[in-house]
Amino acid sequence: TMTNTLTTDVKATVAQIVRCADAGADLIRVSCPDESSTAALTHIVKQSPIPIIADIHFHYKRGVEAATAGAACLRINPGNIGNRSRVQEVVKAAKDNGCCMRIGVNGGSLERHLLKKYRQPTPEALVESALEHAKILEDEQFFEFKIAVKASDVFMACAAYHQLADACDYPLHVGITESGGLVGGSIRSAIGVGNVLWAGVGDTIRISLSADPVEEVKTGFAILNALGLR
């Protein structure tokens, strides 16, 4: 799951992480949009009972700072953080600190050249984006990463995951993004995530609801239980 507190509020963020861990979360993602957030992450990591994934979007320095702060994983798209030298800095920080990465492709934020090529978000566009980002890390001899190709459209996401599983052997992180509220979002996630997992695809999951993060954990366990996986 992912915290929805202000990362700079260390006490509130740690409290939410503990609640999620008590509910059964194995991993938790924390947003790191600015330098003050990565500074707070140092204190959060020390108090967290479970590994933390730092959510990094466009600034490579946040990735370097988060890795140094003790994040277990960086959620990042290498192609969005600048030129090769910046990618190399993040990779070096990850290697130096034993940090892995998750390439997080989303149907709502595809690169312009892919939208121009496919005219709209498609499963093929999601997969092509993911493999382009993976190639950047491969060129840096960094292979400690997993990939997500999320979309709010259940059919698009499912098709993308099946295609990506055929195209590579990297671990896959499965989810339906912005799936909705507790009831509707749980149903959409059960259909989408369940479809992918039932086919034997996927290594980690996140249920994305507009609800308390603890409810995401509960829904995730319910889906896994229905499939006989946890």
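Everything here concerns the structure above.
The residue numbers shown here count from 1 along each chain, following its written sequence. Restriction of local features to residues with pLDDT of at least 70 applies here, the model being predicted, together with a cutoff of 80 or more for giving and counting side-chain atom pairs; totals for whole chains, interfaces and linings are based on all residues. Side-chain metrics rest on all non-hydrogen atoms present in the structure, leaving aside hydrogens and water.

Undergrad: Can you help me understand the side chain of S208 in this one?
TA: By definition, any uninterrupted DSSP run of H or I lasting at least four residues is a helix, any uninterrupted run of E lasting at least two residues is a strand, and each is numbered from the N terminus. Its location among the elements puts S208 in the loop between β7 (204-205) and α9 (213-226). S208 has contacts with I176, T177, E178, S179, G180 and E216, leaving out every residue within four places of it along the chain. Contact definition: two residues touch when any of their heavy atoms are within 4.5 Å.

Undergrad: Help me understand the pattern of salt bridges in this model?
TA: Where charged atoms from two side chains of opposite charge come close, those side chains can pair. Salt bridge criterion: a side-chain nitrogen from Lys or Arg within 4 Å of a carboxyl oxygen from Asp or Glu. Evaluated as defined, the whole model comprises eleven salt bridges. Note that R84 is salt-bridged to E140, the shortest N-O span being 2.7 Å. Separated by 56 residues along the polypeptide, R84 in helix α4 (residues 84-96) and E140 in the loop between α6 (123-139) and β5 (145-150) bring together distant segments of the chain. Taken together, the shared-partner salt bridges connect R29, D55 and R75 into one network.

Undergrad: Explain a nonpolar patch on the surface here, please?
TA: Patch definition: residues above 30% relative accessible area lacking any salt bridge, with like charges linked at up to 9 Å and the nonpolar side chains Val, Leu, Ile, Met, Phe, Trp and Tyr linked at up to 5 Å. Each accessible area is a Shrake-Rupley result for a 1.4 Å probe, and residues are judged covered by the shown protein chains and nothing else. A cluster of nonpolar side chains, namely L182, V183, I187 and I191, defines an oily patch on the protein surface of about 380 Å² accessible area. Note on placement: V183 falls in helix α8 (residues 182-198).

Undergrad: What exactly am I supposed to notice about the state of the cysteines here?
TA: In a disulfide, the sulfur atoms of two cysteines are held together by a covalent bond. Any two cysteine sulfur atoms within 2.5 Å of one another count as a disulfide. For the structure on display, the rule yields zero disulfides. The structure places no disulfide on C32, whose sulfur is separated from the nearest cysteine sulfur, that of C99, by 11 Å. C73 supplies the cysteine sulfur nearest to C100, a cysteine that is in no disulfide, at a spacing of 3.6 Å.

Undergrad: Can you walk me through unusual backbone geometry in this structure?
TA: Glycine aside, a negative phi is what most residues show, and trans is what most peptide bonds show. In the Ramachandran plot, R119 falls in the positive-phi region, its phi being about 75° despite a non-glycine side chain. Looking at where R119 falls in the secondary structure, it is placed in the loop between α5 (112-118) and α6. Despite not being glycine, E178 has its phi angle at roughly 45°, a positive value. Within the secondary structure layout, E178 lies in the loop between β6 (173-174) and α8. Classification of residues uses two cut-offs on accessible area relative to the type maximum, computed with a 1.4 Å probe and protein chains only: under 20% is buried, over 50% is exposed, and between them is partly exposed. Given the relative accessible area of 65%, E178 is considered exposed.

Undergrad: Sorry if this is basic, but what is going on with the packing of aromatic side chains here?
TA: Where two aromatic rings form a pair, the distance of their centres and the angle of their planes describe that pair. The rule is short: rings of Phe, Tyr and Trp, with Trp giving its six-membered ring, pair when the centres are within 6.5 Å, and they are stacked under 30 degrees, edge-to-face over 60, tilted in between. Using the criterion set out here, one finds one aromatic pair in the structure. Between F145 and Y170 the ring centres are 4.2 Å apart and the planes differ by 35°, which places this aromatic pair in the tilted class. Of this pair, F145 sits in strand β5 while Y170 sits in the loop between α7 (154-167) and β6, and the two are 25 residues apart along the sequence. Both residues of the pair, F145 and Y170, count as buried.

Undergrad: Got a minute to help me understand the pairing of strand β1 (residues 28-31) in this structure?
TA: Inspection of the sheet shows β1 paired to strand β2 (residues 52-55) by four bridges, in the parallel sense. Counterpart to V30 in the pairing with β2 is A54. A clockwise course of the path from the first strand over the helix to the second, judged with the strands pointing away from the viewer, identifies a crossover as right-handed. What joins β1 to β2 is helix α2 (residues 35-47), and the crossover it makes is right-handed. For two strands to be treated as a pair, DSSP must find no fewer than two bridges joining them.

Undergrad: What should I look at first to understand the packing of helix α1 (residues 10-23) against α2 in this one?
TA: Pairs of packed helices are described in terms of their axes, by the angle between the two and the distance that separates them. At a minimum axis separation of 10 Å, α1 and α2 run at an interaxial angle of 35°. Here α1 and α2 pass one another in a crossing that is right-handed. Residue-level contacts link V10, T13, V14 and I17 of α1 to A40, H43, I44 and Q47 of α2. For helices, the fitted line uses only the C-alpha atoms of the stretch in contact; every axis is such a line through C-alpha atoms, and the angle between N-to-C directions lies from 0 to 180 degrees. Note on convention: near helix rotated counterclockwise from far helix by under a right angle means a left-handed crossing. Clockwise means right-handed.

Structural measurements only, silent on function.
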